[in-house]
Amino acid sequence: LQEQWWQLLILTLFTLCLSLAVAYIIAASITKPIKTLVKQAKIVARGDYQQTVRINDNSELGQLACEFNVMQSAVLSREERITHGANHDPLTDLPNRRAIKSALEHFGKQQQAVEVYHLNLCRIKDVNETLGHDVGDWLIKSMAKRLMCLQQSVQIFHMGADEFILLEQLESAYSSEDLLNDIR
């Protein structure tokens, strides 16, 4: 009886070790894709939408990775629309005040000279009052389309209402002597 006891004990220990090893392999196969998804979630949280999750699995975890990629592209698309809306006028789709500030800061950092033209459509208020805002909006959109022809040489901004700003980068910056000569 005692000899069989040791055999049963060894068989039990062997079965226990084998069960633990199989459980470890199964757990590793489940946690590896989850760790990959967690890692990707951290990457997306930092704002990097270029990397996608690749899990070669047809199980629920593979489907979750696929949906994660779809969600990631949807977030990127919404973020691009929000950024575009923040920097562009909704009526003309031209860059707005915020974008001109950024452009001027860029020119200032680069120490590049720029000419600034301010265009104002006269009597747009009269058009709005007599013909309606739809006609006034149509006039502003038409002006924006016409100004777009200049876009290769000039940056165009819609400041709102009837105002447009054109920025033209100069070839060389003015020195203080050139500025004084121009004033004289």
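1. A closer look at the overall build of the chain
Alright, step 1. Scanning the chain from N- to C-terminus turns up six helices and three strands.
Alright, step 2. Mapped from its N terminus to its C terminus, the chain presents α and β elements in the order α-α-α-β-α-α-β-β-α.
Alright, step 3. Taking 184 residues into account, the globule formula puts the C-alpha radius of gyration at 16 Å, and the chain, at 33 Å, lies well above it.
Alright, step 4. Dimensions along the principal axes, computed over C-alpha positions, put the chain at roughly 120 × 50 × 20 Å.
Alright, step 5. Buried positions account for 24% of the 184 residues belonging to the chain.
Alright, step 6. Considering only contacts in the chain between residues 6 or more positions apart, those separated by 24 or more positions represent 55%.
Alright, step 7. Total accessible area on the chain stands at roughly 14,300 Å², and carbon and sulfur atoms take up 58% of it.
Alright, step 8. Each charge class in the chain can be summarised by its mean position, and for the 18 positive and 22 negative side chains these summaries are 5 Å apart.

2. Topic: unusual backbone geometry
Alright, step 1. One non-glycine residue, arginine 123, lies in the positive phi region at around 60 degrees.
Alright, step 2. Within the element layout of this structure, arginine 123 appears in the loop between strand 1 (114-120) and helix 4 (124-131).
Alright, step 3. For arginine 123, a relative accessible area of 63% translates into the label exposed.
Alright, step 4. The phi torsion at alanine 161 lies on the positive side, around 50 degrees, for a residue other than glycine.

3. Let's talk about the pairing of strand 2 (residues 155-160)
Alright, step 1. Where burial is concerned, most of strand 2 is hidden: five out of the six residues are buried.
Alright, step 2. In this structure, strand 2 lies alongside strand 3 (residues 163-169), joined through five bridges in antiparallel fashion. Across the sheet, the residue bridging to glycine 160 is glutamate 163, located in strand 3.
Alright, step 3. Linking strand 2 back to strand 3 in an antiparallel pair, the connection comprises two residues, with alanine 161 at a positive phi of about 50 degrees.

4. Description of the sheet that holds strand 2
Alright, step 1. Pairing within the open sheet is antiparallel, and its three strands lie in the order 1-3-2. A single partner strand is all that each edge strand has here, and the edge strands are strand 1 and strand 2. Each neighbouring strand pair of the sheet contributes to a mean axis angle of 20 degrees, computed without reference to strand direction.
Alright, step 2. Here helix 3 (residues 97-110) sits on the sheet in contact with strand 1, strand 2 and strand 3, set at roughly 135 degrees to strand 2.
Alright, step 3. Helix 5 (residues 133-147) contacts strand 1, strand 2 and strand 3 of the sheet and is inclined by roughly 10 degrees relative to strand 3.

5. Points about the environment of valine 114
Alright, step 1. Tracing the backbone shows valine 114 in strand 1.
Alright, step 2. By relative accessible area, valine 114 is classed as partly exposed at 23%.
Alright, step 3. Spatially, the C-alpha atom of valine 114 lies 8.8 Å from that of glutamate 171, the residues being 57 residues apart in sequence.
Alright, step 4. Discounting chain neighbours no more than four positions away, the residues touching valine 114 are Leu104, Phe107, Leu167, Glu168, Gln169 and Leu170.

About the cut-offs
- Residues numbered from 1 in each chain as written.
- Predicted model: local features only at pLDDT ≥ 70, side-chain atom pairs only at ≥ 80, totals over all residues.
- Heavy atoms only, no water.
- Helix = DSSP H or I, 4+ residues; strand = E, 2+ residues; numbered from the N terminus.
- Rg over C-alpha atoms; globule rule 2.2 N^0.38 Å.
- Buried < 20%, exposed > 50% of the residue type's maximum accessible area, 1.4 Å probe, protein only.
- Contact = heavy atoms within 4.5 Å.
- Areas by Shrake-Rupley, 256 points an atom, 1.4 Å probe, with all protein chains shown as cover.
- Lys, Arg positive; Asp, Glu negative; His and termini not counted.
- Charge placed at Lys NZ, Arg CZ, Asp CG, Glu CD.
- Pairing = 2+ DSSP bridges.
- Axes fitted to C-alpha atoms, helices over the stretch in contact; angles between N-to-C directions.

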